[in-house]
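# Structural features, examined
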Amino acid sequence: MSSENRRPWYKNPKYLGPIIAAIVGAIISNPLWVPIIFPPSPDFSISVNPMQGQVQQGGVITTAITVKGVHGYKGPVSLSASGLPSNVVVSFVPPIGGPIPAFTSNVMINVGPDVPVGEYKITIKGIGADGKEHSCKYILTVMPKGVKPTPTPSPTPSPTHALKKVVNVQDAFYPSGWMGDWGDITLDDACTDNPHSEPTCIKITYSAAKSQGKGWAGIYWQYPDSNWGDNPDGRDLTGATKLTFWARGEKGGEKAEFKVGGITGKYPDSIQPPVSTGVIVLSDKWQQYTIDLTGMDLSHVIGGFCWVTNKHQNPNGCTIYLDDIRFEW
Amino acid sequence: MLYQLLLYVFPQYPYSVYVTWFAPTFEQLVEEGNIHLEKGEYWKAIRCYDKALEIKPDDPNVLRDKGYALINLGIDNESISVTGYSDAEKFIDYYFECYKNQSTMASRYFERAFQCFSEAKILKPEDPEILFYYVSLGFYLPTGPDPINGFNEIINSIENLPPYKKEQYPVKLIKRCSWYGICKAYKEIGQEAKAKEFKKRNETK
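Just so you know, these numbers come straight off a predicted model, no measurement behind them.

## Observations concerning the overall build of chain A
Helix and strand counts for chain A stand at 4 helices and 20 strands. When each of the 329 residues of chain A is scored for burial, the buried share is 34%. In chain A, of all internal contacts separated by at least 6 residues, the share reaching a separation of at least 24 is 76%.

Given below as structure tokens:
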């Protein structure tokens, strides 16, 4: 017998060529290998849940946007809304995020009291850093004041809800409750001087001039505007466990006290007495503070946040900065 | 009392010395008055303010706060209290309704309150809060200013404030309430069209 005849058939050069060709052909022709050989470009998808909601004139409604990365999309996606009637303001928390693998943005839709009753299709668009765009629709039904909206199911939590639900005090309450020496206060709620989160923060200047002869001053963030407990409306923030905010002083050493709730009157705050941080000495660097709200009744919050100081604490006045004041769940 | 004990131990010093030493300061009296005002104890507040005014008769803030205490004594509705700029619209509504319906109210307290705000206005003419209550209280008083001119004067003085002052929330609120006051004044004299025009301005925040 020749040595050639002793080799197994698959080692025979006569068959080897066709075998290799058959394997390569099988690999190329198999659709499973197509994405590896010709990888698809990374992209993202955008969805809204719930997809519709009813709100009274002058009310607020929330929903959630989920942006999912597809095929390893890594670039940041910024969110925006269009198709809004005038006096409807939509805010996103956060307004931008990286979908790795997904991020959720809480959307707060503030409807002005004079927005005409009707149905509006709001387009929520996500724009990637590379210019890719995807959008989804939210149907907003504005109802006349006094008509109770049908409850809308809250967003279904999914494993991609990495972010907790938050309500931004700057969006949900008005800095309308100026107290004490109100003439000593200057408020800039769109200050661009080194904000904690771009683009703006809140700047409060207190002159300690005793303009109204009181020796102290403060601001309540109220809902509705100027509600000192004589308006039955309020925010239902049930389930929130804490209020967090970032603060810094201009020079460091500024003293201030921050509170949640405590407004009395015919329709008082459900948080009684107010929950306070006590007097805090601020640093000139941003620092986060937390007010624990565990176990508090948050069903009717009208004084969402309060800053207060006095001449004794800051004899020469002070300038402080605040940012990202949020109720968190 | 400590001063009585000292008077017993050191009788050589006249009583007035101890009274001066232990008398509450102006700041203490004002603070005590403010606490009483917040609690709705208006007579006690007035007593504190009067004592404070004995020390500093020309303090416009104390005169204003005494004015608030007097307004509240004039209001016969326990659910309404007026203690600052934020009660401006509520006060106008109450005051005008009372006169329209000829309700019983102690108008003598409003007259005294008007007097306090008049004096405060002379001392602090740029204060929109004092101006507002001065004009509002004077609405039905023979010695009060013409309300339309008065409220217009407030709006003009606010327009002349530096921009950061104009942006202060209470100043914006007083401006809005002044439009509301003009609206009410035009209604009183039967000029409905003018009243509507100013009502619209009041509603535009």
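## Topic: the interface of chain B and chain A
Contacts between the two partners involve 12 residues from chain B and, on the opposite side, 12 residues from chain A. If you list the elements that add at least two residues to the side of chain B that touches chain A, you get helix H3 (26-39), helix H5 (60-74) and helix H11 (169-188) of chain B. Its residues assigned to classes, the side of chain B that touches chain A shows 6 nonpolar, 5 polar and 1 charged.

## Observations regarding the environment of A:Tyr138
Residues and elements named next belong to chain A. Relative to the helices and strands, tyrosine 138 is located in strand E9 (residues 133-143). Accessibility expressed as a C-beta count within 10 Å gives 23 for tyrosine 138, which makes it buried. Note: C-alpha distance between tyrosine 138 and serine 47 (91 residues apart in sequence) is 9.7 Å. Ignoring anything within four residues of it in the chain, the contact list for tyrosine 138 reads Val48, Met51, Gln52, Thr63, Ile122 and Ile124.

## With respect to helix H8 (residues 128-137) of chain B
Residue and element names in this part refer to chain B. Burial of H8 is extensive: 10 of the 10 residues sit out of reach of the surface. Inspection of H8 places Pro128, Glu129, Ile130, Leu131, Phe132, Tyr133, Tyr134, Val135, Ser136 and Leu137 among the buried residues, and these make up the whole buried set. In this fold, the buried residues of H8 make contact with H5, helix H6 (88-100), helix H7 (107-123), helix H9 (147-159) and H11.

## Topic: the pairing of strand E8 (residues 118-128) of chain A
Residue and element names in this part refer to chain A. Pairing geometry for strand E4 (residues 77-82) and E8, over 6 bridges, is antiparallel. Counterpart to alanine 81 in the pairing with E8 is isoleucine 124. The pairing of E8 with E9 spans 10 bridges and is classified as antiparallel. Bridged to glycine 118 within E9 is valine 142.

## Thoughts on the packing of helix H4 (residues 42-55) of chain B against H5(B)
All names here are of chain B. Remark: H4 packs on H5, axes separated minimally by 9 Å, with the N-to-C direction vectors making an angle of 155°. Considering their axes alone, H4 and H5 lie roughly antiparallel with respect to each other. As for the relative orientation of H4 and H5, their crossing is left-handed in sense. The residues of H5 that touch H4, namely those facing Tyr42, Ala45, Ile46, Tyr49, Ala52 and Leu53, are Val62, Asp65, Lys66, Ala69, Asn72 and Leu73. In terms of residue class, the contact of H4 with H5 is made up of 9 nonpolar, 1 polar and 2 charged.

## Re the confidence of the model for chain B
Residue and element names in this part refer to chain B. Averaged over chain B, the pLDDT score is 86; the fraction of residues at 70 or greater is 87%. Ranking the helices and strands of chain B by mean pLDDT puts H4 first, with 96, and helix H2 (residues 15-22) last, with 62. The ipTM value of the predicted complex is 0.83, and its pTM value is 0.66.

About the cut-offs
Residues numbered from 1 in each chain as written. Chains lettered and ligands numbered in written order. Predicted model: local features only at pLDDT ≥ 70, side-chain atom pairs only at ≥ 80, totals over all residues. Helix = DSSP H or I, 4+ residues; strand = E, 2+ residues; numbered from the N terminus. Buried ≥ 20, exposed ≤ 12 C-beta atoms within 10 Å, placed from the backbone. Contact = placed C-beta atoms within 7 Å. Nonpolar A, V, L, I, M, F, W, Y, C, P; charged D, E, K, R; others polar. Pairing = 2+ DSSP bridges. Axes fitted to C-alpha atoms, helices over the stretch in contact; angles between N-to-C directions. Parallel < 35°, antiparallel > 145°, perpendicular 65-115°, else oblique. Left-handed = near helix turned anticlockwise from the far one by under 90°. pLDDT = per-residue confidence, 0-100.

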